[in-house]
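# Per-entry structural report
Read off the chains here:
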Amino acid sequence: MSDFVNVLDFVTEDVRAHIMAGTLARDAHSGFTAAIATGKPVYVPTGPGWAYMVGSTVTVPSNTTIFSDGALVVLGNGVDNHVFRIDNGATAVVIRGLYINGNKANNTGGNGVSMTGEGGSDITIRDMYIYDCSAHGIHLSGNLSTSLQAHNNRVHSCVAGGVTSNYTVSKFSFEGNHCWLNGTHGVGILGIGKDGAIVGNVCWDNGQIDAGADNITGYNPANENLTITGNSCSGGGNNGIHVGGSRITLTANTSHNATMHGIVMFAAAADGDDCIIADNVSYGSGLHGFWIQDCHSGVMSGNIARDNTQHGFLIHDCSNLSITNNTARGNDGSGFINSGTVTDCVLNDNIACNNQQSGFKVVAVSYGGLADNLAHDNVGYGFWIDACVKMTINGNTSRDNSLSGFYYSGALNDCVLSNNVANANTESGFWVKGCTSGTVSGNIASENGIHGFWLNVSSNLAVTGNTAHNQTENGFLIDASTNLTLTGNVSHDNTLYGFTCSGTINDCVMANNVAYSNDKSGFVMKACNSGVVSGNIARNNTEHGFEIDNCTNIAITGNTARGNTLCGFTNGVESAWLTISGNTSRSNGSDGLKLNDVTHSSISGNVMNLNTSYGINVAGTLEANNLISNNVVRSNTGGQIAQMALSTRILDNETGTSNTLASAASLTLPPNGDYFYVTGTTGITSISAAFLGRRITLQFATALTITDGGNLALAGNFTTSAADTISLVYDGSNWIETSRSVN
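Residues numbered from 1 in each chain as written. Predicted model: local features only at pLDDT ≥ 70, side-chain atom pairs only at ≥ 80, totals over all residues. Heavy atoms only, no water.

## A few points about the side chain of N583
- Within the secondary structure, N583 is located in the loop between β71 (579-581) and β72 (584-586).
- In contact with N583, not counting residues within four places along its chain, are I556, T557, G558, N559, F569, G605, N606 and V607. (Helix = DSSP H or I, 4+ residues; strand = E, 2+ residues; numbered from the N terminus. Contact = heavy atoms within 4.5 Å.)

## Here we look at the pairing of strand β14 (residues 145-151)
- Judged by how many residues are buried, β14 sits mostly within the fold: 5 of 7 residues are covered.
- Taken together, the 5 bridges between strand β11 (residues 120-126) and β14 define a ladder with parallel strand orientation. Bridge assignment links R126 to a residue of β14, and that residue is H151.
- Inspection of the sheet shows β14 paired to strand β17 (residues 168-175) by 6 bridges, in the parallel sense. Note on β17: the bridge partner recorded for L148 is F172. (Buried < 20%, exposed > 50% of the residue type's maximum accessible area, 1.4 Å probe, protein only. Pairing = 2+ DSSP bridges.)

## Quick look at the sheet that holds strand β88 (residues 712-713)
- Taken in spatial order, the 6 strands line up as β82-β84-β86-β90-β91-β88 in an open sheet, and their pairing is mixed. Of all strands in the sheet, those bounded by a partner on one side alone are β82 (660-662) and β88.
- Taken together, the 3 bridges between β82 and strand β84 (residues 675-679) define a ladder with parallel strand orientation. Pairing of L661 across the sheet is with V678, part of β84.

## Examining the nonpolar core
- Ranked by internal contacts, the top residues of the largest apolar core, which has 142 residues, are Y52, F84 and I86.
- Discounting chain neighbours no more than four positions away, the residues touching F84 are F32, T57, V58, V60, I66, V73, I95, L98, I100, G112, V113 and S114.
- Core analysis: the next-biggest nonpolar cluster, separate from the first, contains 20 residues, V678, I684, A690 and W735 among them. (Core = buried A, V, L, I, M, F, W, Y, C linked by side-chain atoms within 4.5 Å.)

## Points about unusual backbone geometry
- Positioned with a positive phi, D127 is a non-glycine residue whose angle comes to about 55 degrees.
- Among the secondary structure elements, D127 is positioned in the loop between β11 and β12 (129-131).
- Owing to a relative accessible area of 36%, D127 belongs among the partly exposed residues under this scheme.

## A closer look at empty space enclosed by the protein
- Scanning the entire structure with this criterion turns up 1 cavity of 30 Å³ or more.
- Approximately 80 Å³ is the volume attributed to the largest cavity.
- Lining the largest cavity are 13 residues, and of these C501, C508, M525, V532 and V533 sit closest to its centre.
- Elements with a contribution of two residues or more to the lining of the largest cavity: β61 (505-511) and β64 (528-534).
- Here the residues of the lining of the largest cavity sort into 11 nonpolar, 2 polar and no charged. (1 Å grid on protein atoms, 1.4 Å probe; cavity = no way out; pocket = protein on both sides within 12 Å on 5 of 7 lines; lining within 4 Å. Points joined across faces, edges and corners; volume = space filled by probe spheres on them. Nonpolar A, V, L, I, M, F, W, Y, C, P; charged D, E, K, R; others polar.)

## Points about the layout of surface pockets
- Approximately 330 Å³ is the volume found for the largest pocket.
- Looking at the largest pocket, it is lined by 17 residues, and the ones nearest its centre are T655, T657, P670, N672 and G673.
- If one sorts the elements of the lining of the largest pocket by residue count, strand β80 (residues 639-642) sits on top with 3 residues.
- Here the lining of the largest pocket is built from residues that sort into 6 nonpolar, 9 polar and 2 charged.

## Some thoughts on the pattern of salt bridges
- If you walk through the whole model with that rule in mind, you get 13 salt bridges.
- In this structure, the salt-bridge partner of D132 is K104, at a minimum N-O distance of 3.8 Å. Of this pair, D132 sits in the loop between β12 and β13 (138-140) while K104 sits in the loop between β9 (99-101) and β10 (113-115), and the two are 28 residues apart along the sequence.
- Within the structure, one salt-bridge network assembled from shared partners comprises D377, R399 and D400. (Salt bridge = Lys/Arg side-chain N within 4 Å of Asp/Glu carboxyl O.)

## Observations regarding the environment of L496
- Tracing the backbone through its elements, the reader meets L496 in the loop between β59 (490-492) and β60 (499-502).
- A relative accessible area of 23% places L496 in the partly exposed class.
- C-alpha of L496 to C-alpha of N225: the two residues are 271 residues apart in sequence and 60 Å apart in space.
- Dropping the residues within four chain positions of it, L496 is found in contact with T472, E473, N474, N518, D519, K520 and S521.

## Details of the side chain of N564
- Summarising the element assignment, N564 is placed in the loop between β68 (560-562) and β69 (569-571).
- On the basis of relative accessible area, N564 is assigned to the buried category, the value being 2%.
- A distance of 3.1 Å separates a polar side-chain atom of N564 from the backbone oxygen of A538.
- When near neighbours in sequence (up to four residues on either side) are disregarded, N564 contacts A538, R539, N540, N541, E543, H544, G545, S587, N588 and G589. (Polar contact = N/O pair within 3.5 Å; in protein donor to acceptor, adjacent residues only side chain to side chain.)

## Points about the environment of R694
- Position of R694 relative to the elements: it lies in the loop between β85 (686-687) and β86 (695-700).
- At a separation of 3.0 Å, a polar atom in the side chain of R694 contacts the main-chain carbonyl oxygen of P670.
- Engagement of the side chain of R694 in a polar contact is seen with the backbone oxygen of G673, the distance being 2.7 Å.

## Quick word on helix α2 (residues 29-37)
- Among the residues making up α2, those that are buried are H29, G31, F32, A35 and I36. One side of α2 holds all its buried residues, which, seen down the axis, span an arc of 165 degrees.
- Of the residues trailing α2, G39 is marked for its positive phi of about 80 degrees. (Arc of directions from axis to C-beta.)

## Some remarks on the pairing of β17
- Of the strand pairs in this sheet, β17 and strand β20 (residues 192-199) are connected by 6 bridges, and their pairing is parallel. Paired with S173 across the strands is A197, a residue of β20.

Now the structure itself:
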């Protein structure tokens, strides 16, 4: 006795003849029904040109196996129903090896193989070739269906999907199917899927009727424990792959030339948890390569997005994702976009290159960070960090991008930008704009087209330990900012300035920085109001060491300027209320300290020596009311102290110059000093004007006469002898005698 039955044994000779002739003129339905009723496996034989027409749906009960080596079953005209329907609640059903033509031209609403109603369990559909159905090719539906397998089927040109399920299915496997040119989805979980796998399927150009259909789909928020791996998708009406839910594993899939997005992980109107998106490839999509939304906790690693029409990776409203070792290249948008309500996501070791916008763009993200990523040759910024809170951007490299290497913008709070490298970008290496609070430390900017670091309209930033060299313009530009602290930074070999502070700068501290070998000045402060410049070193710059213009209330203390081509310290535009103390300026090519149009400032305790022009040169038509005291000003080639305005007080400086004056009718005093030894016998009738309150003592080497009158208000003429002295004070108009001594 045979272990199976042959369906041909259950049809008439007439029907058998028409099957073998392929006329489709006789109905084989009764043969299938009778063969199934035996309870044995049903074999459907085939031969050249054979075709079985069924004039009504073949119902498949529990414990049924139907198998073939490729027999063609065609749905008769006007049946308007399924070809095979698995009975409600059926179990242990196998259908394999058949060709099914759904005859969609002459039917409506029928699947090739269908399971509906209460569903079933332990159902296997495999090795089928199904086409032209007026609904789905294979549709396994029903409440609480379980243990479903659809393997190695070929489904195309159906009005609805290729291989699909609905309602709630669990413990299912859709594997190795090829689905193409179907009206809706290729492979799809249209309802809820649990504990299932979609593996190794090939789907292309599905969504021929419904443009919103995906090649592979399944994004009900109630999905859980699904594995989607090793699938390949091309073209189609919508996305390549769109899945969602919790504990979704999406690995080693390929999507190319999708009309919309390549790969989407987004459960509609709900959140997904603990998802893995790894080693997938998406290229040539009409929108983004990857769109990841509302995923909370999980891993996204080893994926590649290239040559997509918009962004490579769009990550939106996610949290606690680890995004590592992904590559985005050649996309028409940005490589990576991290936006929306995103918290605690970390992007590590990713590469973004040759994208038409930014390499990485992170918007409105809280916590989390970017570490050890590489952005190069992007048309926009390498990294664009916008309106984020408590982000850490560390150890990244940005090079050869068409805009800035790092653009740090918006209302950024408490963010850290550290140990990054920006090289050869067309604009600035680091552009920090509109940021409030945070740290910029340990970064390196080199060979960028504008500035190394541009700190713009920002406040409460600590900028420490950074290096800028070989920029086309400034090493550091600080513009229109408040409460910035710049410490321990180095700027050298830049085409313009080492450090420039300009605009309305308030309450900033620039301390312990070094600027050397820049083509203009080492440090420039313009329009700065209040602040401290201390402990900095400017050496061997082509213009000045320190340049202070149009500033007020700046404390310039403990700095060193040496070997600069022009002045060590200079002021070119009117400034006021400066405190310049404890600085050293030596061996500069012009003045050690030159102040033009400075008022109400104190210059004290400085050391100015070996400069080519003056040690201290106070000049300008507006210069007034300054105090120059207790400085050491020696061995400067052009002179020690040059005084412009009589209102500037010059006291107690050590200049290393002789205090001996030759007597003259109009005796000229040097700007510094309070004791002078007068030689010669020429009588004195006037003394050069000085600042209000200047006191001097003249000691005489020999006899001469000082005449009361002119600007000398004496207690009568004074005819001196050797060692006699007279003491005077200047009241703003006249020298008033305070005492004389005849010795």
